[in-house]
Amino acid sequence: MPDATILLVDDNANDRFLWAETVKSFGYQVQVASSGEQALQQVQISVPDLILLDLKMPGLSGLDVSQKLRSNPRFRNIPIIMLTSSDDLGDKLKGFEHGVDDYVTKEMDQPEIAMRIEAVLKRYRQAMDTNPLTHLPGNNAIQYEIQKRIDEQKLFAVAYCDLDYFKAFNDVYGFVAGDKIIRFVAKVLQESIDTSGNPDDFVGHIGGDDFLFLTTPQKVESLCNIILQKFEKGIVQFYSAEDRERGYFIALNRQGGKQKFPIMTMSIAVISNQTRKLESFAEISRIAGDLKKLAKQKEGNVYVVDQRQN
């Protein structure tokens, strides 16, 4: 991950130089601080992707700095690797108690140090790109998976899934009930892909009530049908008996007046490179926006497939 910036914190000038050269040799950008106090000032100016933090320093120790960072909402998620000696088992355990993610020592081989840094950064970026509600990959992973298929010149289909009348439901039933529906949709998508998709198919959560899955052109329509059937069958459980029986619920519209809203449905927009060349994520998103408008004009649970050619 050569685009990452690492803040190196060590009070010993010689050690600081050696660690900085080592980390630079891995391809990372390096910032340096000579004390815990300077490190805390530095993160206020520029938030690093990871901190290499010496354990024993005069003034604020590595444990002190780690504790202060973990208590600040702005910095609590910055990954921290402690620089320590190989025999400090007690100090290593204290470091983990104070929120340290891993440790490295001078005695380690450079390939091991490089792998530990890369592993911590990878876990951090995956965690930051995972939706906390559904635990599905987010936008960075979605863009990566799409671009990967484009670069490898594979045939693929992208299906954008959007819920209809979700906002009105949230207004009436509350955000807790809305969150249950979001988790339900994630489960329907993932289970459908797991049981009926390909091994390398992908499900992502764009945000809110917007989801996406990637599959092959041969599988996409059957998956759409499976997903819509499961959704239609399961969505009614989130409504009151009265609303289920009459087939609608009453909520305020955007003008502030009362309006009847149908039981929630799903609209899916499908784009494939089987009939046209797709060159970027931005292009796919634009086409999906047009198709979603078309899908939402239709009643019920529907999917719309882009049939246009180059």
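Note that this is a predicted model, so its numbers are computed, not measured.

Criteria and cut-off values
Residues numbered from 1 in each chain as written. Predicted model: local features only at pLDDT ≥ 70, side-chain atom pairs only at ≥ 80, totals over all residues. Heavy atoms only, no water. Axes fitted to C-alpha atoms, helices over the stretch in contact; angles between N-to-C directions. Helix = DSSP H or I, 4+ residues; strand = E, 2+ residues; numbered from the N terminus. Parallel < 35°, antiparallel > 145°, perpendicular 65-115°, else oblique. Left-handed = near helix turned anticlockwise from the far one by under 90°. Contact = heavy atoms within 4.5 Å. Buried < 20%, exposed > 50% of the residue type's maximum accessible area, 1.4 Å probe, protein only. Pairing = 2+ DSSP bridges. Right-handed = clockwise from strand over helix to strand, strands pointing away. Patch = residues over 30% accessible without salt bridge, like charges linked within 9 Å, V, L, I, M, F, W, Y side chains within 5 Å. Areas by Shrake-Rupley, 256 points an atom, 1.4 Å probe, with all protein chains shown as cover. Salt bridge = Lys/Arg side-chain N within 4 Å of Asp/Glu carboxyl O. Expected span 1.5 Å × (residues − 1).

A. View of the packing of helix H2 (residues 36-45) against helix H3 (residues 62-70). Packing of H2 against H3 leaves a shortest axis separation of 9 Å and a crossing angle of 25 degrees. Taken together, H2 and H3 sit at an angle that is classed as roughly parallel. In this structure, the crossing between H2 and H3 has a hand that is right-handed. Across from Gly-36, Leu-40 and Val-43 in H2, the residues of H3 making contact are Val-65, Lys-68 and Leu-69.

B. Seen up close, the pairing of strand E11 (residues 265-272). Among the eight residues in E11, eight count as buried, and that is most of the element. Every second residue of E11 is oriented toward a common face, with Thr-265, Ser-267, Ala-269 and Ile-271 on one face and Met-266, Ile-268, Val-270 and Ser-272 on the other, all of them buried. As paired strands, strand E6 (residues 157-164) and E11 are joined by eight bridges and run antiparallel to one another. Residue Cys-161 lies in a different strand from E11, and its bridge partner there is Ile-268. Alignment of E11 against strand E12 (residues 302-305), held across four bridges, turns out to be parallel. Looking at the pairing, Val-270 lines up with Val-305 of E12. Each parallel crossover has a hand, and the one from E11 via helix H11 (residues 281-296) to E12 is left-handed.

C. Focus on the environment of Gln-153. Along the chain, the position of Gln-153 falls in the loop between helix H6 (139-151) and E6. Remark: the alpha-carbon pair of Gln-153 and Leu-278, spanning 125 residues in sequence, is separated by 9.7 Å.

D. Spotlight on a nonpolar patch on the surface. Among the surface-exposed residues, Leu-89, Leu-93 and Phe-96 lie close enough to one another that they form a single nonpolar patch of about 300 Å² accessible area. Within the element layout of this structure, Leu-93 appears in helix H4 (residues 89-97). The exposure class assigned to Leu-93 is partly exposed, which follows from its relative accessible area of 46%.

E. View of helix H9 (residues 217-235). Taking 1.5 Å of rise per residue, 19 residues should cover 27 Å, and H9 covers 27 Å from first to last C-alpha, within 8% of that figure. Residues Pro-217, Val-220, Leu-223, Cys-224, Ile-227, Leu-228, Phe-231, Gly-234 and Ile-235 constitute the buried set of H9.

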